[in-house]
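A closer look at the structure
The lines below spell out each chain.
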Amino acid sequence: MTLETDIAQIARQEEALRFKSFSEADAWALGSLMRQAAVEQALPFVIDIRIGNRPLFYTALPGTTPENPDWVRRKANTVYRFHKSSYRVGREYQHQGKAFDASRGIDPIDLATSGGGFPIHLAGTGVVGAVTVSGVPQREDHEFVVEMLCRFLDQDYRGLALGPENA
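Let me begin by describing the structure that accompanies this report. These numbers were taken from a predicted model, which means no experiment stands behind them. (Residues numbered from 1 in each chain as written. Predicted model: local features only at pLDDT ≥ 70, side-chain atom pairs only at ≥ 80, totals over all residues. Heavy atoms only, no water.)

**Describing the environment of leucine 33**
You can see leucine 33 is positioned in helix 2 (residues 24-40). Expressed as a C-alpha distance, the spacing of leucine 33 and lysine 20, which sit 13 residues apart in the sequence, is 19 Å. Sequence-distant contacts of leucine 33, defined by excluding residues within four places in its chain, comprise Met148, Arg151 and Phe152. (Helix = DSSP H or I, 4+ residues; strand = E, 2+ residues; numbered from the N terminus. Contact = heavy atoms within 4.5 Å.)

Next comes the structure, spelled out in structure tokens:
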């Protein structure tokens, strides 16, 4: 996929994967689903689900390092700032040839454009939280979250998945 098709497909993912409501019980159910899938696939993930700054689900699986929680924090901050997935923000900046740095009022110590942060968007309300993972290459981080959200929201993942990366 090119940058343009990636960006368009990620925007479709974000539009399709919206919630009617999202409770503490939903966070636990989604996080548990994600954790079980990660364990079955032996993925070394930190998984974090939060509304605002309130953590609702967190796990660090075997193979993670102390660096993974910081990546989660930075990706979630990107979701909150831009109301988009962290991967989409990165792809957009790359496509525009813009630096993601202090020249744009961005501190990379607090924000990251790597894949793995995805907005919890309530229909009729907007972005209220983030589902974030860190542990594998960024495109795989992003797609894991999308696949799990598809399962949770009963959406067809095949129609929303990103293709192979070309750009």
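**Structural notes on the pairing of strand 3 (residues 117-122)**
Among the 6 residues that make up strand 3, 6 are buried, leaving the element largely enclosed by the rest of the structure. Here strand 3 pairs with strand 4 (residues 126-134) via 6 bridges, running antiparallel. If you follow isoleucine 120 over to strand 4, its bridge partner there is glycine 129. A loop of 3 residues connects strand 3 with strand 4, the two strands running antiparallel in sequence, and glycine 124 in this loop sits at a positive phi of about 85°. (Buried < 20%, exposed > 50% of the residue type's maximum accessible area, 1.4 Å probe, protein only. Pairing = 2+ DSSP bridges.)

**Observations regarding the sheet that holds strand 1 (residues 46-51)**
Strand order in the open sheet formed by 4 strands is 2-1-4-3, with antiparallel pairing between adjacent strands. Since the sheet does not close on itself, it has two edges, and those belong to strand 2 (54-60) and strand 3, each with one partner. Averaged over all adjacent pairs, the angle separating strand axes in this sheet is 15°, with direction ignored. Direction of pairing for strand 1 relative to strand 2: antiparallel, over a ladder of 6 bridges. Bridge assignment links arginine 50 to a residue of strand 2, and that residue is proline 55. Strand contacts of helix 3 (residues 67-82): strand 1, strand 2, strand 3 and strand 4, with the helix running at about 155° to strand 4, the strand carrying the most contacts. (Axes fitted to C-alpha atoms, helices over the stretch in contact; angles between N-to-C directions.)

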